[in-house]
Structures are given as structure tokens and as C-alpha cells.
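Spelled out from the first residue to the last, the chains are:
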Amino acid sequence: MNARLIFFTIFLFSGFLMAQEVDLSGTVREAETGIPIPGANITIKNTTRGTSTDFDGNFILSGVPRGSTLVVSYIGFRTQEITVGDATVLNIDLLTDTQALDEVVVVGYGTQTKKELTGAVTAINAESIEAVNPQRVEQALQGQVAGVQVTTTSGSPGAASNIRIRGISTNGDNRPLILVDGNVIEDLSVLNPGDIESMTVLKDATAGIYGVRAANGVILITTKTGKKNTALKFSYDAYGGFQETSRKLPVLNATEYAVITNEAAAAGGSSLPFPNIRDLGVGTDWQDEVFTKAPIFNHNLTMTGGTEKSRYSFGVSYLTQDGIVGGDKSNFNRTTLRANYNIDPIENLKITTNVLYTGTNRRTLPENALGSVLFNALNNAPTFAPRNPDGTFTTADGLGQEIINPLAQMENTYNKTAVDRISGKIGARYEFLDGFSAESSLQFNYAEVDGKFFEPIVSYGVGKTFNRTNNSVFENFDIYKDYTWDSFLNYDKDFGDHNVKATLGMSVFRTRGDLGGFRGNRLPTNEWLEASVDVAEEVEDVYRNGGDKFDERLLSYFARAQYNYQNKYLFSALIRRDGSTKFGPENRFGYFPSGSVGWVVSEEDFFGEGSTVTFLKFRGSYGIVGNDRIPANAFRSLLNGEGEYVFSGPSITGDFNDESLELGAAAGILANPLIQWEEQKTLDIGMDMRMFDSRLNVTADYFKKTTENLLVSPPVSGILGAAAPGAGLPIVNAGTVENEGFEFVLGWSDNPSDDFSYNISYNMTFLRNEVLSVNNGVGFIPGGGFGVGQDFPSRMEDGKPLGYFYGYETDGVFQTQEEVDAHATQVNAAPGELRFVDTNGDGVIDETDRTDIGNPIPDATLGFNLGFNYKNFDFSAYTFGSVGNEIVRNYERAIPGVNRMNYVLNRWTGPGSTNTDPRVTTGATSSILFSDYYVEDGSFIRIQNVQLGYTFDPDTMANVGIDQFRIYLSANNLYTFTEYRGYDPSASSGAPIGGGIDQGFYPVPRTYLLGLNFKF
């Protein structure tokens, strides 16, 4: 009886337990896109029971106790915990976690998790890039990476950008090394931003693993590929819209122009050019004539998938963009074809291949210089109509030699440059023994550049510099080839709490070029389509004295050791030996060591589990990196200069006959066989912290970069021949530059409910740049240009920022003749003229009174980014800014009759009228000399991108076989807050000396887009 009772009790209890278990099924998807996630892990917490999702993100898990907790996880997504209740079908949406500590980041010759990093490394994922909708890859870095400053050389379609990582380190080439899937890419215009999976920026000594090309930092770009065990998927992204100028400069209208022109003529003692101004009205705004709304369209199709042993991705894209100046006269279009295929043919062998073809075509207009289209639009008189009654263009008579009708200029500008480029890589990795692997890869680039530039016979008016009485055409066809071969051996082994990694390898790089260029003069036709050197009466080979080929090589060996104890104590050390053909035999090789350490404090026993701080790491690095970015063959003399020799002597009249002149070769750049490597010594001390369940992320870095043995060109005597055609100054090691600063990154992300999530990030970089020495014999290196015939406005000099502005300091405007008489002697001084400061106190204003009047390098750069998702809506906004830099205003021509900015209405007209702007006059004036009057604050904050999107319900879309369908509206370069009066405070030529001088920069356009993302 007791046995029966016990059995009955057990039976009831078992039935009760079985009633508390449920069979679960469902789907795991990406929260942002609704796309299923194959391979996601679903486990019952505190047990070993679990399963994973199939190709379509589906799963089945039987016998799960009610009240237990499911843990759902996948790499790159936030782990989610779900309490099991009565529901048996679960649709689980995982949020991406771009800051996950276990996220794998691509670093030099390998990968690491963020937790293991000991260097200053920043990663950007595909979602962050897509949210900005950049036409060029560089634009995705603006405001998103601390310590990285991106400036545009121009807003014209296809124009390049300047990328500076932690300041300007040299007066030469400051470009970082850019690797796309391990392949060196110098021009990012060849890459479609939509093909990028991630970008990693190496900012400190950890970049030294890549050797001499990495002195200015490294950007590692990984393109998209498929996932294993995934069915074929398609993704189509497209956008279209229009562009417009983000700013017009306030110039004088016709009536205001006539008043000012009359006043200047009267002050100069000339007759009035406009005796009757009553009927002039507003006149022509030449900016309205040259600016236009320009279309832009982009299409991108990607196919991805994978089998048990392979992954693949194929993509094709097309971009076409007209310019806001000149429309299709400044068009850029790009076609890309990309393929990635990775396979594991046997258990321990992995093979990776990728290939990228890019075809670009670009047409341009004269820009960013005296005589450019915008220069003429700003300086041409508003009293002129664009065209004469007969339809011909008007001429800018009476406005000097340079000012011409900008519409006529655009009409007579003909050029095109076509680039066909193919890049590829094939690599293999083989794992053997216990912890060993060997890798080898071969990367290559091949590019053909085909250019044609035609100058027709044209007259822009009497005496104009740009008139052409003979037509000409220039055609070039250049071929560029390079390859990189990397081979290295890896060791990765755990010994209990210890992990040891080691890398030993070598790298070979070779780049070659075959350049061809011919100029044909006096063509039988004046038509663009028929212009060719083949029909020219006279043809000149621009490379007749050589220089049409180059061949440069690098040979490197490197070793790296990494140690990790309990994920608490991290250590890394490396050394690299680089050899470059740009240096002579005695100095060809250099040794460059670096090391880094890290301490993960949050892994210590004393830290505690319940702390508000969930992760805390301190790290530091120091290293030396070489730099060989100088012209080739500077250590030896070459006969690639130009020479003219007289063999038959003078004729009877004393003139030289054509027959007596022979063209030959002469010495080129003066040689210096003793040049050595530039060496950059980099220190970084950083901290990474996560708080409040990893919702708050904080990163801070102090850095100091000192570049020694700068490769510069000193002034030499003219008798050495450095100024001869084709010749040049020698290169010597003669300078030191220091960049010191602090980076701070703050990010917060949270999902308060199932329907709402948001993220906020802020970064700021403070920078101090100083030249410590210039040992070239004179103590400075001048550069840049201002006005016509004036001294160099920029310098590199001891104790100053690199490229600081050097000119006269002003102290208001002379109000009376008494003030003029009491002041130091100043040429052309008069009431109404700018008053220059006698800085040396010698009583005379001359060139020795010029001084530091501005710094083109910002004191700080910043970025502020915001995003949120509410149900099916998503919103993002990106801003970036620059604080503390100055810009030189050099887009106004200082000659009589040209138009002016409207601030001239505040000119000096008599004692007490103003102490800011000088008088106007056609007479002699000292106010046109380069001074701080032309230097302005270039600080700005720009709303770079605002985007609002809507994703259609994934369940509804799935019924028709669509994984995701999203539409969005986007605005780029929406608004810029600045006091700078030029077109664009973010623009720069990129030159270390003279880069902050605004010659009339083509503004970055404001762009409005309508786009869609379609995945199936």
C-alpha cells in the first residue's frame, strides 16, 4: 500500500513537472533590418542545453522549463536574455553592439578583440558608414573618429580629401597608409563606400607593424563578404537627389558697385567711371549664373552567400554626379565591380581571393586659384550682362588681365580624365602542429590613366591673360603597377592562464610607372571631339628628357610578440627592418621598434562584480616608425633636367638661328647621398571604460608624436643649377616637428523598451603642433601664395606651428594725417589706410616687421552623433567641427574696377567712420599687403548628415520573399555654423605650408537624397 502511494505521488509530481515544460520555436533576426541571423546561439541559462539557428534564422528547442532563462547570442550583437513563459513561438530581435568587448577588430597582420587591444585603435562598421551616405570613403571618417581630421580640397565631383591622423607631422607627404583587404590603395575614389564592411584606424605605434608607409597612421578597410552556411542573398541600395551650393558670398550689386568704384576713382584722382548710377539697379549676380542645382545618382547591387566551406560576395555599383558649378562640365562617374571568394578546401587550409575593378571618368573646371570660375564670378562687375544682344558672351573690359566672363570660361574649358584600375589579392593560411599557422598573400594594383586637355582659340577681351591665338591639346596615357607580397608565420597558444602569440614575417613592395605625355600645337580644327595630337602641326614630348618611368621598392622583415595573462595583463612588442630604394646604399635600411602594454583592471579580484564600472583598461604604447615619402633618386644625380646648347653660334645679325639651338639633357634634382630616414617617435597613454551595464563607453588618450630628421629642401645658390628647368633643390635631413594632444570619446546607447533604442556619441581632440627645429641654414621654409607678386605668406619655423601665417600685424586704420605723421614710416601711408605695427620698434615699417598672424591648424576638432530607432522608424544625425584655426581670405583681386564683398560698405570714409576696413582707392595703397586683415577665424560646426528612414514590417515583407525594405530621406552638409566669410571653412589644399589659404574654394555642396535599401 505504501509502495503504491509513493508510486502514485511520483506519477503526479512527474506530470506536474512535464506540465511546466514547453517546446519552443521561433526566429532570431537583426533588430535594425529584420534580416534572419543564421548560426545564433540559444541556450538555457546555467545549463549546457541549447541549439542554434538555421539558414533562415529559425530554431526549435524542446522541453524548456517555464520560468527558465534563454540566453540568445551572436558575435557583433548584444546578448539578450528572455524569461520563458506561456508563449511557444518567439521572434527575437538582436541589437548590434558595435562596442562589444569581444568584437573582432582587424589590426596589423591579424585580428584582436577590443578587450585585448593595447594600442589606440578605432573601428567603424558598415551601419555607421551607410548612415552618412558618403560619395567618397573619407567622408565617413569626418566627426566619427577622434584624432582624425578630414578636409576637402574641393567640392567638385570626384575631388579628393585630405586625411590627417593626429596632426601634421612633416612638411612633406602626410597621407596615411590605406589598405583595402590588405591591398595598398592611394586613391579612395576607386572604392564604393557601400562595399565596406568595416574600417579600422591605427593611430599610434601599433601602426609600426606596417613599416615606413605607416608613419602617418594606417586605415584598414575590409570589404563585405558572405557568411558560411548562408543561402544566396541580394541587396540593392540606391539613392538619387540634387545638390546645391551651401553658400553664396555677399557681393555688391550694380548700384553699390558703381558707388564704390566712383569713390575709389575719386580717391585716386581719376574721373568717375559711372557718372549716372540711377538706372543701374541690381545688375548681374555672377554667382547665380555659375551655380546650378546638380543631380546625383547611385546604384549598388550586392550578392552574398556561403556553403559549409566557402563564403562569397559579388558587387556592382554606379555613381554619377554633376557639379554645382558648370553642371555636366564638372561631372564625375564611377563604376565598380567587386568579387570576394573564400574557401576552406581542406580542414586546416583557408584560401582568400578578391578582385576590384573601378572605372572613373572626370571632367573639371578651373578652381581654387587665381583665374578660376568662382574667382571670376566674385570679381567680375555686376554692371556687365552675361551675354551681348547677339548672344555672344560679354567681355570683362577694364578689369585687368585676369578677370574674364566665367560663363565664357566654362564654355571653352574641355578636359576629361579616365581611369581604369584593377586590384586583387590571393592569399592562403595553413594551420599546422599545435598553435602554428603560416600565411602568404600577393596583392596587386594595375591602373591606366587616359587624359585629354584641349585649349581652343578664344578671346575673352582685349589684353586678357587667358586669350589664345593658337589652339593646343595635351594627351597623356600613364600606366601604374605595384604589387605587395607578404608572408609570415604565426604562433598562438594557451598555457593555462597564459596566452602567447608571435608573428615573424617579411614584406616586399614594388611600384612602377610608365608615363606618356604629348602636347600638340596649332590644330586644323577648333573642336573638342576632333582635337588630337595626331593632327597637330607641332608635337612636343613632355618627357623628352626622361622622367617617364619610375621603379621603387621596399623590403621589410618584422617580428612581433604578444602576451596575455588571464585577460588582465597584456604586452606586445615588435621590431621591423625596412629597406627603401629612395635612400643610398649607406642609409638604405633602418630598424624601427615599438611596444605596448595593457592592464584590464576590471578583471582583478578586488574590482568586484557589482561595480558601476563594468570594464576598465589602461594601456600605453611607444615606438619609432620611419618615413620614406620623398621623391625617388634624391640620393643620386640624374640627367633628367632640360638643357639648350648652341652649336653653330650667332648669325650675322647677332640673333641665334633656330638651327643653332639644340635641346638636350642636364642635371636634375641636386643629389644628396647622405639623406636618412625620417623617424617618428610616438607615445600614447590611454584608458577604456564601460559603465552602467556597458551603456556608457569612455575612451581617453594622451599622445605625443615627434618627427625627427625631417626631409626638407634647403635654399641653395643659383649657380648650382637648382632653378634650371627640370632641376630642383636637394633633400636634406634638417627639421623636427612635434604634435601633442588629448583625445576623448564618450558614447551612450540604450534600449528602454522593445520599440525604442537610441545612441549618442561625442568625441573631441585637442592638438598642439610645434616646429622644434629647421636646420636648413636660414631657420625657416616659406610657402603658399597671396595676391600677385607678394612674399610667401606661410612658414615653417622654430617655435611656431607648421605652416603658420607670416605677415603684418595691423592696429586699425589711420584716421588723420596727424596719426600718419606720428607713426613709424610706412610706405603709402595715408588717412584711411591700414596701420601696420612696428613690431621691432625701429621706426620703419618693412619686411622685418612681419610676424606670426595666424595658425591654420585647429586647436580642437570634434564630432557629435545621434541616432534612435522607434518601431519601424530610424533617425540619425552627424556633426563635426573645428575650433581655433585661421584661414587666409585670398579670393579678391586687388585691382581697380573689380567687384567686392559687401563688407566694403563699412569702409573708411573719414575720421571716426570706422577703424576696421580701409578706404577704397585706385591709387597706391599699402592695405593690399598681406596682413592680419586678411586672416579670419576658420572655426565651424557643421551638420554633416541628417537621415530619416522607415523599414516596412519584416513579417509582411517575408510573406513576399523580401528580407528588408527600407526607404529614407537624407540631407548632407545641411548647415555650417561659422563666422568665416568665404565659401567653405572646411576646405584646404592640404599643403603643410600654405594649406590654409582660400583661393576661392569650390564649396562642398548641400545634398538632398531619397534612397532605398532592398534585401531579398
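Residue indices begin from 1 for each chain and proceed along its sequence in written order. In keeping with the predicted nature of the model, local features appear solely for residues at pLDDT of at least 70, side-chain atom pairs appear and are counted solely at 80 or more, and the whole-chain, interface and lining totals rest on all residues. Calculated side-chain values reflect all of the structure's heavy atoms, with hydrogen atoms and water omitted.

Another point: the overall build of the chain. Across its full length, the chain holds eight helices and 53 strands. A compact globule built from 1016 residues should have a C-alpha radius of gyration of about 31 Å, and the chain, at 33 Å, falls within 12% of that. Think of it in three bands: with a 1.4 Å probe and only protein chains considered, a residue is buried below 20% of the maximum accessible area for its type, exposed above 50%, and partly exposed in between. By the burial criterion, 52% of the 1016 residues in the chain qualify as buried. Contacts are assigned to residue pairs with any non-hydrogen atoms lying within 4.5 Å of each other. In the chain, 70% of the contacts between residues at least 6 apart in sequence involve partners at least 24 apart. Charged residues are defined narrowly, with Lys and Arg counted positive, Asp and Glu counted negative, and His plus the chain ends left uncounted. The atoms used to mark charge sites are NZ of Lys, CZ of Arg, CG of Asp and CD of Glu. In the chain, the 79 positive side-chain charges and the 122 negative ones have mean positions that sit 5 Å from each other. Segments assigned H or I by DSSP are reported as helices when at least four residues long, segments assigned E as strands when at least two residues long, and all are numbered from the N terminus. Computation of the radius of gyration draws on C-alpha atoms, with the globule rule given as 2.2 Å multiplied by the number of residues to the power 0.38.

The next point concerns the packing of aromatic side chains. Any pair of aromatic rings gets described here by the distance separating the centres and the angle formed by the planes. Only centres within 6.5 Å qualify two rings of Phe, Tyr or Trp (six-membered ring in Trp) as a pair; their planes then separate them into stacked at under 30 degrees, edge-to-face at over 60, and tilted for everything else. As enumerated under the stated definition, the model contains 36 aromatic pairs in all. Between Tyr109 and Phe488, the ring centres sit 5.2 Å apart and the planes meet at 65°, which makes this aromatic pair edge-to-face. With Tyr109 in the loop between β8 (104-107) and β9 (110-113) and Phe488 in strand β24 (residues 472-495), this pair connects stretches of sequence that are 379 residues apart. With respect to class, Tyr109 is no different from Phe488; both count as buried. Seen from their ring centres, Phe234 and Phe1016 are 5.2 Å apart, and the 10° between their planes marks the pair as stacked. Of the two residues, Phe234 sits in strand β17 (residues 230-244) while Phe1016 sits in the segment after β53 (1006-1015), which places them 782 residues apart along the sequence. By relative accessible area, which is 24% here, Phe234 ends up partly exposed.

Okay, the sheet that holds strand β52 (residues 997-998) next. Paired strands are those between which DSSP finds at least two bridges. The sheet built from three strands is open, its strands ordered β49-β48-β52 with mixed pairing. Since the sheet does not close on itself, it has two edges, and those belong to β49 (935-937) and β52, each with one partner.

To continue, consider the pattern of salt bridges. Within this document, salt bridges are pairs made up of a side-chain nitrogen of Lys or Arg and a carboxyl oxygen of Asp or Glu, the two lying within 4 Å of each other. All chains considered together, the criterion is met by 56 salt bridges. Among the salt bridges present, the one from Asp285 reaches Lys248, with a minimum N-O distance of 3.1 Å. Of this pair, Asp285 sits in the loop between α3 (254-267) and α4 (286-290) while Lys248 sits in the loop between β17 and α3, and the two are 37 residues apart along the sequence. Among the ionic pairs, Glu439 bridges to Arg429, the shortest N-O distance being 2.5 Å. You can see Glu439 sitting in strand β23 (residues 436-455) and its partner Arg429 sitting in strand β22 (residues 414-432), a full ten residues away along the chain. The class for Glu439 is partly exposed, based on a relative accessible area of 23%. The exposure class assigned to Arg429 is partly exposed, which follows from its relative accessible area of 27%.

Domains are outlined according to an automatic or database domain assignment. By domain assignment, the chain separates into domain 1 (20-97), domain 2 (100-230), domain 3 (418-567) and domain 4 (637-670). Taken over C-alpha atoms, the centre of domain 1 sits 34 Å from the centre of domain 2.

Take the side chain of Gln680 next. On the secondary structure map, Gln680 appears in strand β34 (residues 678-691). The term polar contact refers here to a pair of N or O atoms within 3.5 Å; inside protein, the definition further demands a hydrogen-donor-capable atom paired with an acceptor-capable atom, and it admits residues adjacent in sequence only when both atoms are side-chain atoms. At a separation of 2.9 Å, a polar atom in the side chain of Gln680 contacts the main-chain carbonyl oxygen of Ala215. A distance of 3.4 Å separates polar atoms of two side chains, one belonging to Gln680 and the other to Thr682. With residues up to four places along the chain from it excluded, the contact list for Gln680 reads Ser169, Ala215, Asn216, Gly623, Ile624, Val625, Lys705, Thr706 and Thr707.

Another aspect to go through is the sheet that holds strand β5 (residues 69-73). Pairing is antiparallel across the open sheet formed by four strands, whose spatial order is β3-β2-β5-β6. For this open sheet the edge positions go to β3 (50-52) and β6 (80-83), each flanked by a neighbour on one side alone. Across the sheet, the axes of successive neighbouring strands diverge by a mean angle of 20°, strand direction being ignored. Relative to β6, β5 runs antiparallel, the two sharing four bridges. Bridging from a neighbouring strand, Thr69 pairs with Thr83 of β6. Structural elements are reduced to axes, namely lines fitted to C-alpha atoms, with helices fitted over the stretch in contact, and the angle between N-to-C directions of any two is expressed from 0 to 180 degrees.

Moving on to the side chain of Ser926. Following the sequence through the fold, Ser926 ends up in the loop between β48 (886-889) and β49. Residues in contact with Ser926, not counting those within four places in the same chain, are Gln826, Val827, Asn828, Glu833, Leu834 and Phe836.

UniProt positions are given in the numbering used here, feature names are shortened, and annotations may be inferred rather than shown by experiment. According to UniProt, the feature "domain: TonB-dependent receptor plug" (unreviewed entry) maps to residues 114-218 in the numbering used here. Taken end to end, residues 114-218 comprises 7% helix and 28% strand; its first and last C-alpha atoms sit 17 Å apart.

Further remarks concern the pairing of β5. As paired strands, strand β2 (residues 41-44) and β5 are joined by four bridges and run antiparallel to one another. For Thr43, the partnering residue across the bridge sits in β5 and is Val71.

With that settled, the discussion passes to α3. The terminal C-alpha atoms of α3 lie 20 Å apart, and with 14 residues this matches the ideal 20 Å at 1.5 Å per residue to within 8%. Among all positions in α3, only Ala254, Tyr257, Ala258, Ile260, Thr261, Asn262, Ala264 and Ala265 are buried. Between the side-chain oxygen of the N-cap and the backbone nitrogen of Thr255 there are 3.1 Å, and the N-cap of α3 in question is Asn253. Remark: Gly269 follows α3 within two positions and exhibits a positive phi of approximately 80°. To estimate the expected span of a helix, count its residues, drop one, and scale the result by 1.5 Å.

Now for unusual backbone geometry. Positive phi, close to 65°, is recorded for Ser694, a residue that is not glycine. Mapped onto the elements, Ser694 comes out in the loop between β34 and β35 (696-708). Phi is positive for Lys871, close to 50°, though the residue is something other than glycine. Residue position: Lys871 is located in the loop between β46 (860-870) and β47 (873-883).

Glancing now at the confidence of the model for the chain. Averaged over the chain, the pLDDT score is 89; the fraction of residues at 70 or greater is 93%. Summary of the metric used: pLDDT quantifies the predictor's per-residue confidence within the range 0 to 100. Overall, residues 1-19 carries pLDDT values under 50, and its contacts beyond four positions in sequence, including any with other chains, amount to one contact.

In this fold, Ala830 is placed in the loop between α7 (817-822) and β44 (834-836). Sequence separation of Ala830 and Leu95 is 735 residues, and the distance between their C-alpha atoms is 70 Å. Discounting residues that sit within four places of it in the chain, Ala830 has contacts with Phe814, Val820 and Arg919.

The next thing to look at is a nonpolar patch on the surface. Patches here: salt-bridge-free residues with over 30% relative accessible area, like charges joined within 9 Å, nonpolar side chains (Val, Leu, Ile, Met, Phe, Trp, Tyr) joined within 5 Å. For the accessible areas, the method is Shrake-Rupley and the probe is 1.4 Å, while residue cover comes only from the protein chains on display. Taken together, the side chains of Tyr569, Trp599, Phe606 and Phe618 define a hydrophobic patch exposed on the protein surface, amounting to about 420 Å² of accessible area. Within the secondary structure layout, Phe618 lies in strand β31 (residues 613-627).

This paragraph deals with the pairing of strand β19 (residues 310-323). By the criterion of burial, β19 is predominantly enclosed, with ten of the 14 residues buried. Sheet topology places strand β18 (residues 294-306) next to β19; eleven bridges connect them, and they run antiparallel. Within β19, the residue paired with Thr302 across the bridge is Gly315. From the end of β18 to the start of β19, which pair antiparallel, there are three residues. Strand direction decides the pairing type here: β19 and strand β20 (residues 327-346), joined by 13 bridges, are antiparallel. Along β20, the bridge assignment pairs Arg311 with Asn342. Between the end of β19 and the start of β20, which pair antiparallel, lie three residues, with Gly326 showing a positive phi angle near 90°.

Let's shift gears to the environment of Arg629. Relative to the elements of secondary structure, Arg629 occurs in the loop between β31 and β32 (641-646). Residue classification places Arg629 among the buried positions, given a relative accessible area of 15%. Expressed as a C-alpha distance, the spacing of Arg629 and Gln243, which sit 386 residues apart in the sequence, is 37 Å. Side-chain polar atoms of Arg629 contact the side chain of Asp173, separated by 3.3 Å.

To continue, consider the environment of Asn470. Among the structural elements, Asn470 can be located in the loop between β23 and β24. Taking the relative accessible area as the measure of exposure, Asn470 reaches 44% and is therefore partly exposed. As a C-alpha pair, Asn470 and Ile457 span 13 residues in sequence and 5.5 Å in three-dimensional space. Look past the residues within four positions of Asn470 in its chain and what remains in contact with it is Glu455, Ile457 and Arg522.

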